[in-house]
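Here is what each chain is made of, one letter per residue.
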Amino acid sequence: MANNILVTGTAGFIGRYVVRHFSELGWSVIGIDSSQSENAPLANLAAYYTVKLPNPLLSEIMQKHRPDVCIHCAGRAAPSLSMSEPTPDFYTNTVVTYEVLNALRLAVPGCRFIYLSSAAVYGNPGLLPISETQIPAPLSPYGFHKLQGETLCKEFSQIYGLPTASVRIFSAYGPGLRRQVLWDICQKIISGRTLVLQGTGYESRDFVHALDIAKAFRVIACDALMQGEVYNLASGREVTIRELVTSISNSLESNCIPQFDGVVPSGTPLNWKADISKLEELGFTTSVALERGVKTFANWCLAELVGV
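Note that the structure is predicted; figures quoted are calculated from it, not measured.

From N to C terminus, the chain includes ten helices and 13 strands. Against the compact-globule benchmark of 19 Å for 308 residues, the chain has a radius of gyration of 19 Å, which places it among compact chains. A principal-axis box enclosing the C-alpha atoms of the chain has dimensions of 55 × 45 × 40 Å. For the chain, the residues scored as buried account for 53% of the 308 residues in total. Working note: accessible area of the chain is about 13200 Å², and carbon and sulfur atoms make up 51% of it. Both charge centroids of the chain, one from 24 positive and one from 26 negative side chains, sit 2 Å from each other.

Printed below as a string of structure tokens:
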């Protein structure tokens, strides 16, 4: 297939990994983001547009570059914040997704569209591992809005024939991520602050490195059915927060003992472990083991926070 790709949200955490991965594979990558250009991986982009979506310029960009694939990385990724600020979450996730899909329908209806959804659509599943057939039960506006985006993808596939697939990403991590639990733990250990964390520590997540996320997108872009279907994207390994603290502490050569406040914030799922067999059937395999990924992340945090 041809290799012209449009990536929205190129200055974001996952967007930067996606741009670098496809550029290294020889694809011509066109980037869009609302951020200033210095936040985007310009060296890996054939063209870059500073555009706040939705925007009429989007159709012009698509008509000019005629992308074969569009990976939609733009959007808010803050489940807890969506609880208090649902309106901006709705507009940046649901509304912008509709506008991108509709622009593709009108400009390049054969473009293969990959939507970044989230495991947040599952809420607290009654069964682990979680397969794509489990009924979604979001706990936050963010989860509901991601599910709405999936429905839009299915709508545009079934009604207009636009090739789409939604990817339910579990707990993404990697150097460059300055939020969420790994960053929080590393910050507190490196700064010598008391390591107080939310919950009991027995909450669990299924972590997937951003390098593997980008790798999975290539597999989906080239080999997925693109009929509005969904795919889980994770490592398939359940890790408790207590286990994660131990791994990070070992990487930082710390003997820090965590304290847990016992409070699980509203909208926060308890336990996740993904069934990734559907994606594996397309040929996807993870390449970054958690222990190696955590050590790399911890070293990056040291360089960022201490300069070593």
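Quick look at the environment of Y142 now. With respect to the helices and strands, the residue Y142 is situated in helix α5 (residues 141-160). Remark: the alpha-carbon pair of Y142 and S277, spanning 135 residues in sequence, is separated by 26 Å. Residues contacting Y142, with those up to four places away along its chain left out, are R76, A77, A78, P79, S82, D89, N93, S118 and A120.

Turning to the environment of T240, a few remarks are in order. Structurally, the position occupied by T240 is in strand β12 (residues 239-240). We classify T240 as buried; its relative accessible area is 18%. Sequence separation between T240 and S157 is 83 residues; the distance between their C-alpha atoms is 38 Å. In contact with T240, not counting residues within four places along its chain, are G201, Y202, E203 and S204.

Judged by nonpolar contacts, the single largest core of 61 residues is most densely connected at I14, I71, I169, F217 and L233. Discounting residues that sit within four places of it in the chain, I14 has contacts with C73, L116, I169, A172, I213 and F217. Core analysis: the second largest hydrophobic core is formed by 24 residues, L101, L104, A107 and F113 among them.

Let us now look at helix α10 (residues 290-305). Along an α-helix, a turn takes 3.6 residues, which lines up residues three or four apart on a common side. Look at α10: 22 Å from first C-alpha to last across 16 residues, which is about the 22 Å you get at 1.5 Å a residue. Looking at α10, one finds that the buried residues are L290, G293, V294, F297, A298, W300 and C301. Angular distribution of buried residues about the axis of α10 spans 160°; they occupy a single face of the element. Buried residues belonging to α10 abut β7 (171-173), α6 (180-191), β10 (207-209), β12 and α8 (241-251).

Here we take up the pattern of salt bridges. Throughout the structure, instances matching the rule amount to five salt bridges. Put simply, R168 and E150 hold a salt bridge, and the shortest N to O gap is 2.7 Å. Of this pair, R168 sits in strand β6 (residues 164-169) while E150 sits in helix α5; the two residues are 18 residues apart in sequence, bridging distant segments of the chain. With a shortest N-O distance of 2.6 Å, E304 and R178 are connected by a salt bridge. Of this pair, E304 sits in helix α10 while R178 sits in the loop between β7 and α6, placing them 126 residues apart in sequence. What makes E304 partly exposed here is its relative accessible area of 39%.

Rules behind the numbers
- Residues numbered from 1 in each chain as written.
- Predicted model: local features only at pLDDT ≥ 70, side-chain atom pairs only at ≥ 80, totals over all residues.
- Heavy atoms only, no water.
- Helix = DSSP H or I, 4+ residues; strand = E, 2+ residues; numbered from the N terminus.
- Rg over C-alpha atoms; globule rule 2.2 N^0.38 Å.
- Buried < 20%, exposed > 50% of the residue type's maximum accessible area, 1.4 Å probe, protein only.
- Areas by Shrake-Rupley, 256 points an atom, 1.4 Å probe, with all protein chains shown as cover.
- Lys, Arg positive; Asp, Glu negative; His and termini not counted.
- Charge placed at Lys NZ, Arg CZ, Asp CG, Glu CD.
- Contact = heavy atoms within 4.5 Å.
- Core = buried A, V, L, I, M, F, W, Y, C linked by side-chain atoms within 4.5 Å.
- Expected span 1.5 Å × (residues − 1).
- Arc of directions from axis to C-beta.
- Salt bridge = Lys/Arg side-chain N within 4 Å of Asp/Glu carboxyl O.

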